[in-house]
Amino acid sequence: MACRVGITTNPERRRQEWKQQYPTLRGWNILSRHRTKSKAQERERIEAKKRGCEYHPGGAGDEVDTWYVYYFRYGASRNR
């Protein structure tokens, strides 16, 4: 099973977006919360490498906001 780590300011909306792309999404989990995008991106990188997950630095939004680092697993089938 593959996995992904990312950042968002709206975890529920982001989970729903990923669920559309990965219908086999499992184990959605918020790993941490940060006050800046920079800190969240650093934690995203660390968690992705630690877990062997895919990640892509980015995330639209302001530098200063409440940022969440999330993690999920998904199966091989993808809906595009």
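Just so we're clear, the structure is a prediction, and the values are computed from it rather than from any experiment. (Residues numbered from 1 in each chain as written. Predicted model: local features only at pLDDT ≥ 70, side-chain atom pairs only at ≥ 80, totals over all residues. Heavy atoms only, no water.)

Observations regarding the overall build of the chain
At step 1: A tally of helices and strands in the chain yields two helices and three strands.
At step 2: Scored against the burial criterion, the 80 residues of the chain give a buried share of 32%.
At step 3: Roughly 5,000 Å² of accessible area belongs to the chain as shown, and the carbon and sulfur atoms make up 44% of that amount.
At step 4: A gap of 7 Å separates the mean positions of the 18 positive and 9 negative side-chain charges of the chain. (Helix = DSSP H or I, 4+ residues; strand = E, 2+ residues; numbered from the N terminus. Buried < 20%, exposed > 50% of the residue type's maximum accessible area, 1.4 Å probe, protein only. Areas by Shrake-Rupley, 256 points an atom, 1.4 Å probe, with all protein chains shown as cover. Lys, Arg positive; Asp, Glu negative; His and termini not counted. Charge placed at Lys NZ, Arg CZ, Asp CG, Glu CD.)

Topic: the nonpolar core
At step 1: Listed in full, the ten residues of the largest apolar core are Cys3, Val5, Ile7, Leu31, Ala40, Ala48, Cys53, Trp67, Val69 and Tyr71.
At step 2: Where this core is concerned, the elements lending two or more residues are strand E1 (2-8), helix H2 (37-51) and strand E3 (64-74).
At step 3: Cysteine 53 has contacts with Cys3, Arg4, Val5, Ala48 and Tyr71, leaving out every residue within four places of it along the chain.
At step 4: Core analysis: the second largest hydrophobic core is formed by six residues, Trp18, Tyr22, Leu25 and Phe72 among them. (Core = buried A, V, L, I, M, F, W, Y, C linked by side-chain atoms within 4.5 Å. Contact = heavy atoms within 4.5 Å.)

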